[in-house]
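Residue-level structure breakdown
Next come the chains, spelled out residue by residue.
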Amino acid sequence: MPAWDELKSHQNHLIRKSLEGSVFAAPITADPITALTDETSELLALPDGYVDLGFMSDDGAQFASEVESSDVTSWGAVEPTRRDITQDVTTLQGFFQETNRMTIALYTNVDAASMTPDAQSGELVVEKPDRPATRHYRILTIGVDLADAGEIYVARFLPRASVSDKDDQAFQSGDDPLGWPVTLTAYKDAALGTSERYYFGGPGWAALLADMGFETAP
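Residues numbered from 1 in each chain as written. Predicted model: local features only at pLDDT ≥ 70, side-chain atom pairs only at ≥ 80, totals over all residues. Heavy atoms only, no water.

Examining the overall build of the protein
Convention followed: Segments assigned H or I by DSSP are reported as helices when at least four residues long, segments assigned E as strands when at least two residues long, and all are numbered from the N terminus. Note on method: radius of gyration uses C-alpha positions; expected globular size equals 2.2 Å times residues raised to 0.38. Only heavy atoms matter for contacts: two residues are in contact if any of them lie within 4.5 Å across the pair. For this count, His and the chain ends are skipped, Lys and Arg are scored as positive, and Asp and Glu as negative. Where a charge lies is defined by one atom per residue type, namely NZ (Lys), CZ (Arg), CG (Asp) and CD (Glu).
Along the backbone of the protein there are 3 helices and 8 strands. Its helices and strands in sequence order give the protein the pattern α-β-β-β-β-α-β-β-β-β-α, from N to C terminus. For the protein, the C-alpha radius of gyration of 22 Å lies well beyond 17 Å, the compact-globule estimate for 218 residues. On the principal axes, the C-alpha backbone points of the protein span a range of 80 × 55 × 40 Å. A separation threshold of at least 6 residues defines the contact pool for the protein, and within that pool the share at least 24 residues apart is 66%. Taking the average place of the 15 positive charges on the side chains of the protein and the average place of its 35 negative ones, the gap between the two points comes to 8 Å.

Put into structure tokens, the structure is as follows:
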């Protein structure tokens, strides 16, 4: 019989954090993300149109999943005998601290391409639409961690997402800056056949594949 120390496999170097990161937004017409890194495990350049939304609050990028199911109960059984998932919706919430073209567009639900500052004064005027349209974006969130062999990237790509909610905005002189807090909901992209993709990569990730239980090339 093995002792507990021989049976367990606890590896603290496999505990990940997002020490920093960014959320990138692009028009739905932009190319989707098909790979995050190249054959050397280094980051690839993003397709045209992807814009870094900039600094966020300390809460970072908050992902949530709303899962609902339908249960079948049976005579004599004390737990459901069948469960079918009927809904699994991913949302991304972020408090974006930078005021830029894309954060304004997301919060106001106005097409970023239509926002043009005055040629003389530089003033920008954005009007709330009378009948808001549902605008879809491609959203990529990358979290960066560090390991002995280098950076580790954990990313989540929403190929078709729209702003489904936004939090209050405060004009005040306290500790919190003027922000653009929005919630994005992911939807299935018909061409890609999914509403979300996860990407894991980087030199630090490649060096840990065997420790994480993945088979590696001989």
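Quick look at the pairing of strand β5 (residues 136-147)
Inclusion rule: Think of it in three bands: with a 1.4 Å probe and only protein chains considered, a residue is buried below 20% of the maximum accessible area for its type, exposed above 50%, and partly exposed in between. At least two DSSP bridges between two strands are needed for those strands to be called paired.
Burial of β5 is extensive: 9 of the 12 residues sit out of reach of the surface. In this structure, strand β1 (residues 20-27) lies alongside β5, joined through 8 bridges in antiparallel fashion. Bridge pairing links F24 to L140 in β5. Judged from the 11 bridges that link them, β5 and strand β6 (residues 150-166) form a sheet pairing that is antiparallel. Directly across from I139, in β6, lies its bridge partner L158.

Concerning helix α2 (residues 101-108)
Rules: Under this definition, polar contacts are N or O atom pairs within 3.5 Å; protein pairs additionally need one hydrogen-donor-capable and one acceptor-capable atom, and for neighbouring residues in sequence, both atoms have to be side-chain atoms.
The buried fraction of α2 is high, at 6 of 8 residues. Taken residue by residue, α2 has M102, T103, I104, A105, L106 and Y107 as its buried positions. N-cap assignment for α2: the residue whose side-chain oxygen lies 3.1 Å from the backbone N of M102 is N100. Looking one or two residues past α2, N109 carries a phi angle of roughly 60°, positive in sign.

Considering the side chain of D189
Within the secondary structure layout, D189 lies in the loop between β7 (180-186) and β8 (197-201). When its relative accessible area of 7% is taken as the criterion, D189 is described as buried. A distance of 3.0 Å separates a polar atom in the side chain of D189 from the backbone nitrogen of A191. In contact with D189, not counting residues within four places along its chain, are R138, P159, R160 and T194.

Digging into a nonpolar patch on the surface
Inclusion rule: For patch detection, residues must exceed 30% relative accessible area and be free of salt bridges, and they are connected within 9 Å for like charges or within 5 Å for nonpolar side chains (Val, Leu, Ile, Met, Phe, Trp, Tyr). The method behind every accessible area is Shrake-Rupley, applied with a 1.4 Å probe, and residues are considered shielded solely by the protein chains displayed. Counted as salt bridges are all cases of a side-chain nitrogen of Lys or Arg within 4 Å of a carboxyl oxygen of Asp or Glu.
Judged by side-chain polarity, V154, Y198 and F200 come together as a nonpolar surface patch covering roughly 280 Å² of accessible area. Here V154 lies in strand β6.

A look at the packing of aromatic side chains
Two numbers describe a pair of aromatic rings. These are the distance of the centres and the angle of the planes. What counts, and what does not: Here the aromatic set is Phe, Tyr and Trp, taking the six-membered ring for Trp, and pairing holds for ring centres within 6.5 Å; pairs whose planes are under 30 degrees apart are stacked, those over 60 apart are edge-to-face, and all others are tilted. Charge over a ring is defined by NZ of Lys or CZ of Arg lying within 6 Å of the ring centre and within 35 degrees of the ring normal.
One pass over the full model with this rule turns up 4 aromatic pairs. On the basis of an interplanar angle of 50° and a centroid distance of 6.2 Å, the ring pair of W205 and F214 is categorised as tilted. Note on W205: relative accessible area 15%, which makes it buried. With a relative accessible area of 44%, F214 lands in the partly exposed category. Three or more aromatic residues joined by ring pairs make a cluster, and in this case those are Y198, F200, W205 and F214. Taking the ring centre of F63 as reference, the NZ or CZ of R156 above it sits at 4.0 Å.

Remarks on the environment of L192
Tracing the sequence through the fold places L192 in the loop between β7 and β8. The class of L192 is partly exposed, set by a relative accessible area of 26%. Between the C-alpha atoms of L192 and D52, which are 140 residues apart in sequence, the distance is 23 Å. Discounting chain neighbours no more than four positions away, the residues touching L192 are P32, R138, F157, P159 and R197.

A closer look at the nonpolar core
Stated precisely, the cut-off is as follows: Definition used in this section: a nonpolar core is a set of buried Ala, Val, Leu, Ile, Met, Phe, Trp, Tyr and Cys residues joined via side-chain atoms within 4.5 Å.
Membership of the largest hydrophobic core comes to 22 residues, with the highest contact counts inside it found for V23, L53, F96 and I139. Among the elements that make up this core, the one with the highest residue count is α2 (5 residues). Excluding anything up to four places from it in sequence, I139 contacts V23, F24, A25, L92, R156, F157, L158, A161 and L184.

A short note on the environment of I15
Structurally, I15 is set in the loop between α1 (4-7) and β1. Each C-alpha atom of the pair I15 and Q169 lies 35 Å from the other, and the pair is 154 residues apart in sequence.

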